[in-house]
Amino acid sequence: QVQLVESGGGLVQAGGSLRLSCAASGSTRSINAIGWYRQAAGKQRELVAAISSGSSTNYVDSVKGRFTISRDNAKNTVYLQMNSLKPEDTAVYYCNAILITTTTAYTYWGQGTQVTVSS
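Quick caveat, the model's predicted, so the values are computed rather than measured. (Residues numbered from 1 in each chain as written. Predicted model: local features only at pLDDT ≥ 70, side-chain atom pairs only at ≥ 80, totals over all residues. Heavy atoms only, no water.)

Help me get a handle on the overall build of the protein, residues and values and all.
Each helix and strand counted, the protein has zero helices and eleven strands in total. What you see for the protein is a C-alpha radius of gyration of 14 Å, in line with the 14 Å of a compact globule of 119 residues. The principal-axis extents of the C-alpha atoms in the protein amount to approximately 45 × 30 × 25 Å. Of the contacts made within the protein by residues no fewer than 6 positions apart, 53% connect residues no fewer than 24 positions apart. Side-chain charges of the protein comprise 10 positive and 6 negative groups, with the mean position of each set lying 4 Å from the other. (Helix = DSSP H or I, 4+ residues; strand = E, 2+ residues; numbered from the N terminus. Rg over C-alpha atoms; globule rule 2.2 N^0.38 Å. Contact = heavy atoms within 4.5 Å. Lys, Arg positive; Asp, Glu negative; His and termini not counted. Charge placed at Lys NZ, Arg CZ, Asp CG, Glu CD.)

Structure below.
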């Protein structure tokens, strides 16, 4: 079992920055990858950025060069640094963890944190 708690959302003006945190607890050593997803009102949830246990990263094209995902293994925390925010970045941001065993893949979600970017 893995528990995820997000924090760091809020209201910011366009061009501003926010840093989201995802604190993991439980079977954290078994996590294969952690990703940040977002879901805007009326839209499907999309993957924004992900980081593997080997620290390889990937990003959706719309955030490349503006967002950075990183991890602090000592704190079991993954961060999403968001710079040059745009109104279209407004969404609920969710942390997701994937744990893969020899037989099954498990996925865990946090409760989400609201990010609102005003123009």
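I'd like a rundown of the nonpolar core, residues and numbers included.
Of all hydrophobic cores here, the largest spans 28 residues; its most connected members are Leu4, Trp36, Phe67, Leu80, Met82 and Tyr93. When contributions to this core are tallied by element, the ones reaching two or more residues are β1 (2–7), β3 (18–26), β4 (31–39), β5 (46–52), β7 (67–72), β8 (77–82), β9 (91–100) and β11 (113–118). By residue number, the principal contributor to this core is β9, which donates five residues. Apart from the residues lying within four places of it in its own chain, the contact partners of Tyr93 are Glu6, Leu20, Trp36, Tyr37, Arg38, Val48, Phe67, Leu80, Met82, Gly112, Thr113 and Val115. (Core = buried A, V, L, I, M, F, W, Y, C linked by side-chain atoms within 4.5 Å. Buried < 20%, exposed > 50% of the residue type's maximum accessible area, 1.4 Å probe, protein only.)

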